[in-house]
Amino acid sequence: DHKSRPSGKMWKRRLSGGCRGSRSCESTRILQKENIPFVILKGAAAAIYYPEPVYRCMGDIDFIVKPKDFDRTTKCLEEHGYELIGQENQRHIEYEKNGIVFELHHFFSILSDNDTSRWLNERIYEGIDWAVEGRINTFSFPVLPPLVNS
C-alpha cells in the first residue's frame, strides 16, 4: 500500500534518524579521503536489499577495516572529532559524533568454533578489496560484495 510508504519530509526524517544517512556519508568521505579501505556492515548493508530501505532502521553505523588499518582508522576518526565512548566489546570499539554511534569492528564473526570464525573473518577482510557501492536514496557507501554480505 503506497499510503504506508514514507515520502518527502517523512522519508528524510526516517533516513537521517534511523538509517543515519548524512552523518554516515561524512564518515565515508573522511575514510575515503584518507585512503582507508572499509565496508559498512549490518543495518545499512542489509537495508540496500529491502524494497523500502527505510524499514531496516538501526541505531548505529557498523563498519570494518582490515586489521592493518585499524590503528590508522582510530587516529583518523579522533582527528575528525569522533569521540571514543566504548571499548568493552571485544568485537568493536564505539565512537560518537553528532549523536550517532559508530562501531569500528576489529572482527565480525564470533563462533564457538574458532577456526570457522577465523575463516569467516578472513573472507570479510578479503571482501573489503572487492567492495561494491550500496545506495539508500541519495547516500552511497561501500559494502561487501553480495556473496560475502549474505
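Check the entry above for the structure.
Residues numbered from 1 in each chain as written. Predicted model: local features only at pLDDT ≥ 70, side-chain atom pairs only at ≥ 80, totals over all residues. Heavy atoms only, no water.

Undergrad: Report on the overall build of the chain, specifying residues and quantitative values.
TA: What the chain contains, in helices and strands, is six helices and seven strands. A burial count over the chain gives 45% of its 150 residues as buried. Taking contacts inside the chain between residues at least 6 apart in sequence as the whole, the part at least 24 apart equals 57%. Looking at the chain as shown, the accessible area adds up to about 8600 Å², and 51% of this sits on carbon and sulfur atoms. (Helix = DSSP H or I, 4+ residues; strand = E, 2+ residues; numbered from the N terminus. Buried < 20%, exposed > 50% of the residue type's maximum accessible area, 1.4 Å probe, protein only. Contact = heavy atoms within 4.5 Å. Areas by Shrake-Rupley, 256 points an atom, 1.4 Å probe, with all protein chains shown as cover.)

Undergrad: Quick rundown of the pattern of salt bridges? Include the residues and the values.
TA: This model, assessed by the stated rule, comprises seven salt bridges. The salt bridge involving lysine 75 is made with glutamate 79; its shortest N-O contact spans 3.9 Å. Of the two residues, lysine 75 and glutamate 79 both sit in helix H4 (residues 70-79), four residues apart, roughly one turn of that helix. Classification of lysine 75 as exposed rests on a relative accessible area of 53%. The partner of arginine 118 in a salt bridge is aspartate 115, and the shortest N-O contact between them spans 2.8 Å. (Salt bridge = Lys/Arg side-chain N within 4 Å of Asp/Glu carboxyl O.)

Undergrad: Quick rundown of the environment of phenylalanine 70? Include the residues and the values.
TA: With respect to the helices and strands, phenylalanine 70 occurs in helix H4. The buried category is assigned to phenylalanine 70, whose relative accessible area is 9%. Residues phenylalanine 70 and histidine 106 lie 36 residues apart in sequence; the distance between their C-alpha atoms is 7.3 Å. Excluding anything up to four places from it in sequence, phenylalanine 70 contacts Val65, Ile93, Leu104, His105 and His106.

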